[in-house]
Amino acid sequence: MLKDTYNIEGMTCASCVQAVEKSVGKLDGVQEVAVNLATEKMDVSYDSTVVAGSDIEGAVESAGYKAFKNIASQSFDIEGMTCASCVQAIEKSVGKVDGVQEVAVNLATEKMNVSYDEDAINAGDIIKAVQDAGYQAAVESDKVSSDDADKKQKQMKDLWLRFLGSAIFALPLLYIAMGPMLPFGGLPIPEFLDPVQHTVTFAVVQLALTLPVIYLGRSFYTVGFKSLFKGHPNMDSLIAIGTTAALLQGIVMTALLVMGRVEVHHGHPDLYFESAAVILTLITLGKYLEAVSKGKTSDAIKKLMGLAPKTARVIRNDKEVEISIDEVVTDDIVVVRPGDKIPVDGELVDGSSAVDESMITGESIPIEKQVGDKVVGASINKNGSFYFKATKVGKDTTLSQIIKLVEDAQGSKAPIAKLADKVSGVFVPIVIALAVLSGLAWFLLGQESWVFALTITISVLVIACPCALGLATPTAIMVGTGKGAENGVLIKSGDALEGTQKVQTIVFDKTGTITEGKPIVTDIINYNGYDEEAVLTLAASAETGSEHPLGEAIVESAKDRGVTLQTVKDFQSIPGHGIQVAVEGQTVLLGNKKLITENNIDTLDAQEVSDRLANEGKTPMFIAAGGQLIGIVAVADTIKENSIAAIDKLHHMGLQVAMITGDNKRTAEAIAKQVGIDRVFSEVLPEDKANEVEKLQNEGLHVAMVGDGINDAPALAQANVGVAIGSGTDVAIESADIVLMRSDLMDVPTAVELSRATIKNIKQNLFWAFAYNTIGIPIAMGILYLFGGPLLNPMFAGAAMSLSSVSVLLNALRLKGFKPAKTETTKEEASPAKKALA
């Protein structure tokens, strides 16, 4: 029997409580339900084998309310991971904790994201589960600081020093052990180390050179054996077992030589000290190169963090003081001088200037700022000084939110990673079994000595590398999402990154997405002796004070032309038709054709012009004065500069493009024709946009939705991939999977291109990781030797293992060279109308 607590939204009175309890109580398996109106919580005791939590939430929704658990999302820093098997071990341990909804560990970023029920467990329980798996965890700090970068720098320095220290001992060891065995008489060594004349000294010196390398690489043993004994062996376990076997073989042989109980064959004792030492040295070098490459994958985060200024000048106690950016609080008055970086988000209260916001919007032209305008932290003040009130500080600033989005995306997993995770989960135990079985097989066959069998076992253990599998996906995602951020495309998760490359149809909202979202006057047609200025004067005078977007467009046009407006009396709004006013004693009508004809005014001469304007996607507004038609004012929502080019680019990429709008069919089709839209959904109510997206999905299409408004949020959530315009509402951005910070539609094809490039890179990484092990392990098992070929030396196995991880990282870093493909298409070239005339 389980007991869960749910939050309930929408309750207003005791009858709501009754409705919820009645609906949930009807479910089979529910033993007890208690709803508290004051706390807006519901406690439910139920049999989980009969009814699920989703059934309970559904019952609450059927009663007209919403239920959800206290689900928290927390990021943790993880220490001690070395390969994909570590990831599996941590996810398995944390996933077993009651209350954990979802857990994702990222090897490349060394972070873990956990969603859990706050009423059931806390962060301490999760940290304990990580420790039980043999690793260390700490709650990630909310502060954006350089601590993490400093820690990684120290880690790289430690690895480099470990490598140098190991190499100092391993190189002479390798020379002593292998030099005499080289052809043509071998390399010269001191007489006292001659393996024939001074065999014991030869062995003891090798042991003495090996022990410091073992000490420097002791972490391989502490982590490897700890993981092995806990039942989830990892890469370090393979290295620890292999090198320990080589070391013990050498120690036993040395002891036997000292006691004189073994004879040396072929003038050289069977020692494996050099294998153990060189393997550890090479793998330490590989770890160092891996750390350097990992550091390069997170360059995007470093660049973003570097944008933020370190200090701010604020007014405290009527004095200007300079303080750390972390000390700025909401409502502080901040002083900004020419050339300064704006420290936090805020609103101007005094002064004016031009501000370069290219780091956020991509717009290179500085934006004029006046009192009341908003400014964004990390943007650059060009000229003029001003004061602003801090509205968002710390982790709430726009820059911090962007950094958080990118970090979350880099820490997430793409669905394609599940394949590698499944393989990695059983990989190490299988490798250990293969190593032991192959060694035993060679020994039992009696074809070679036990030393030969040991060589086979060590080679198999050392060459097998789950690291490459574990790094294949997260490193590519890190670089891909980082490149997206550099190009103004914020991809929120690995799911979104992978899903975008599957998109077949992209649906654009019209207003504010394809178009500017702000109507303007495009045409003024005059009749019966009135000129354009007279027509505009009367129309704008009539619309003075209007809150209708079309009316505002007419008034704005008159202001731009410097037209003097006239006094209006007897304003009368006629719903669905237009307005009627009195201007200087005469009645003026402004509205649609129906308003004019119902007042018995002849529109025959204007019919052809009106139809033409409507077919061009414009809204013709008739104006009559003194009982006669005096003109038509056409208003249209203009197409954004890059809409045509972006849609043309999507067509070249093989994608179908659709548009959804509340406009009438004729206007919608006119806009669609101008920009080259394939499918049009017109006269769609805001609440029905999600239904139209669902209809496309029911056709078997993978759909992306691009929008900017509150009414687009359900459709963005419904789509396989939701893309929000950065200048849009917070609700739209929250509902989307991808945010276009520059509000440039050319970033839509950029997002698709980047997704395709990243997934291609991941597939290449996975192919080489699988291919490496598929080819390497059989060679290590002696398949070539079986057919007269060479036997793989454990030292070469160690080098190959290290290089496999580094090669995957280097391939992921190739994504750093990604550049959005430029389109040469101009508006005129892309215009379907022009193509039709050609």
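Residues numbered from 1 in each chain as written. Predicted model: local features only at pLDDT ≥ 70, side-chain atom pairs only at ≥ 80, totals over all residues. Heavy atoms only, no water.

### With respect to the sheet that holds strand β22 (residues 578-583)
The strands that make up a sheet are held in pairs by hydrogen bonds between backbone atoms, and each pair lies either parallel or antiparallel. Operational definition: Between any two strands, pairing holds if DSSP finds at least two bridges. Comment: elements are numbered from the N terminus, with helices defined as DSSP H or I runs of at least four residues and strands as E runs of at least two. Working convention: axes come from line fits to C-alpha atoms, limited for helices to the stretch in contact. Angles between N-to-C directions cover 0 to 180 degrees.
If you trace the six strands from one edge of the open sheet to the other, you get β20-β25-β24-β23-β22-β21, paired in antiparallel fashion. Each edge of the sheet is formed by a strand with only one pairing partner; in this case those strands are β20 (515-526) and β21 (568-574). When strand polarity is set aside, the average angle formed by the axes of neighbouring strands in this sheet is 20°. Bridge count between β22 and strand β23 (residues 586-591): six bridges; the pairing is antiparallel. Across the sheet, residue Val-581 finds its bridge partner in β23, namely Val-588.

### Considering the side chain of Thr-505
Put simply, the rule reads: Think of it in three bands: with a 1.4 Å probe and only protein chains considered, a residue is buried below 20% of the maximum accessible area for its type, exposed above 50%, and partly exposed in between. Between N or O atoms, a polar contact is any pair within 3.5 Å; within protein, one atom must be a potential hydrogen donor and the other a potential acceptor, and residues adjacent in sequence are included only when both atoms are from side chains. Contacts are assigned to residue pairs that have any heavy atoms within 4.5 Å of one another.
Within the secondary structure, Thr-505 sits in strand β19 (residues 505-509). Residue Thr-505 is classed as buried on the basis of its relative accessible area, which comes to 1%. Here Gln-656 takes part through its side chain, which lies 2.8 Å from a polar atom of the side chain of Thr-505. Thr-505 has contacts with Gln-656, Leu-696, Leu-701, His-702, Val-703 and Ala-704, leaving out every residue within four places of it along the chain.

### Here's the deal with unusual backbone geometry
Unlike most non-glycine residues, Asp-331 shows phi in positive territory, near 80°. Of note, Asp-331 is situated in the loop between β10 (319-324) and β11 (333-336). If you check the backbone angles, Asp-570 has positive phi at about 55° while not being a glycine. Examined against the element boundaries, Asp-570 turns out to sit in strand β21. Its relative accessible area of 64% is what places Asp-570 among the exposed residues.

### Digging into the UniProt feature "transmembrane region" (unreviewed entry) in the protein chain
Applied cut-off: UniProt positions are given in the numbering used here, feature names are shortened, and annotations may be inferred rather than shown by experiment.
Those residues carrying the UniProt feature "transmembrane region" (unreviewed entry) are residues 159-178, 198-217, 238-259, 271-289, 423-444, 450-473, 766-788 and 794-813 in this numbering. Helix and strand shares over residues 159-178 are 100% and 0% respectively, and the end C-alpha atoms of the span are 26 Å apart. From the first C-alpha to the last, residues 198-217 spans 29 Å; its make-up is 90% helix and 0% strand.

### A short note on helix α8 (residues 235-259)
Note the threshold: Here a helix's expected span is defined as the number of its residues, less one, multiplied by 1.5 Å.
Counted at 1.5 Å a residue, the expected span for α8 with its 25 residues is 36 Å, and the 36 Å between its end C-alpha atoms agrees. After α8 finishes, the residue Gly-260 shows a positive phi value of roughly 70°.

### Comments concerning a nonpolar patch on the surface
Going by this rule: Patch definition: residues with relative accessible area over 30% and no salt bridge; like charges joined within 9 Å; nonpolar side chains (Val, Leu, Ile, Met, Phe, Trp, Tyr) joined within 5 Å. Shrake-Rupley sampling with a 1.4 Å probe provides the accessible areas, and residues are treated as covered by the protein chains on show and by no other component. A carboxyl oxygen of Asp or Glu within 4 Å of a side-chain nitrogen of Lys or Arg is what we treat as a salt bridge.
Side chains of Val-436, Leu-440, Phe-443, Leu-444 and Trp-450 sit close together on the surface and give an oily, nonpolar patch of about 520 Å² of accessible area. The dominant element in the nonpolar patch, judged by the number of residues it contributes, is helix α13 (residues 417-445), at four residues. Topologically, Leu-440 is positioned in helix α13.

### Some words on the side chain of Thr-661
Structurally, Thr-661 is set in the loop between β26 (656-660) and α23 (665-675). Not counting the four nearest positions on each side in its chain, Thr-661 is found in contact with Lys-510, Ala-668, Phe-681, Ser-682, Glu-683 and Val-684.

### Digging into helix α27 (residues 747-780)
Along its 34 residues, α27 runs 48 Å from first to last C-alpha, staying within 8% of the 50 Å computed at 1.5 Å per residue. Phi turns positive, to about 95°, at Gly-782, one or two residues after α27.

### Digging into the sheet that holds β11
The sheet built from six strands is open, its strands ordered β10-β9-β11-β17-β12-β15 with antiparallel pairing. Taken across any chain shown, the strands that pair with only one partner, and hence form the sheet edges, are β10 and β15 (374-375). Pairing analysis gives two bridges linking strand β12 (residues 345-351) to β15, with the strands arranged antiparallel. The residue bridging Gly-346 from the neighbouring strand is Val-375, located in β15.

### Some points on a negative patch on the surface
Using the following cut-off: The charge count includes Lys and Arg as positive and Asp and Glu as negative, but it does not include His or the ends of the chains. The atom standing in for a charge is NZ when the residue is Lys, CZ when it is Arg, CG when it is Asp and CD when it is Glu.
A contiguous patch of negative charge on the surface is contributed by Glu-32, Asp-43, Glu-118 and Asp-119. With respect to the secondary-structure elements, Glu-32 resides in strand β2 (residues 30-36).

### As for the environment of Ile-491
Here Ile-491 shows up in strand β18 (residues 489-491). The exposure class of Ile-491 is buried, given its relative accessible area of 3%. As for Ile-491 and Ile-477, which are separated by 14 residues in sequence, their C-alpha atoms are 10.0 Å apart.

### Some points on the packing of aromatic side chains
Inclusion rule: Here the aromatic set is Phe, Tyr and Trp, taking the six-membered ring for Trp, and pairing holds for ring centres within 6.5 Å; pairs whose planes are under 30 degrees apart are stacked, those over 60 apart are edge-to-face, and all others are tilted. Put simply, a charge is over a ring when the Lys NZ or the Arg CZ is close to the ring centre, within 6 Å, and near the line of the ring normal, within 35 degrees.
This model, assessed by the stated rule, comprises nine aromatic pairs. An angle of 40° between the planes, with centres 5.0 Å apart, marks the rings of Trp-160 and Tyr-288 as tilted. Taken together, the positions of Trp-160 in helix α5 (residues 147-178) and Tyr-288 in helix α9 (residues 273-297) put the pair 128 residues apart, joining distant regions of the chain. For Trp-160, a relative accessible area of 34% puts it in the partly exposed group. Taking the centre distance of 5.1 Å and the plane angle of 75° together, the rings of Phe-767 and Trp-768 count as edge-to-face. Taken together, Trp-160, Phe-163 and Tyr-288 form an aromatic cluster joined through their ring pairs. For the cation-ring pair, Arg-218 lies above Tyr-215, with the distance from its terminal atom to the ring centre recorded as 4.2 Å.

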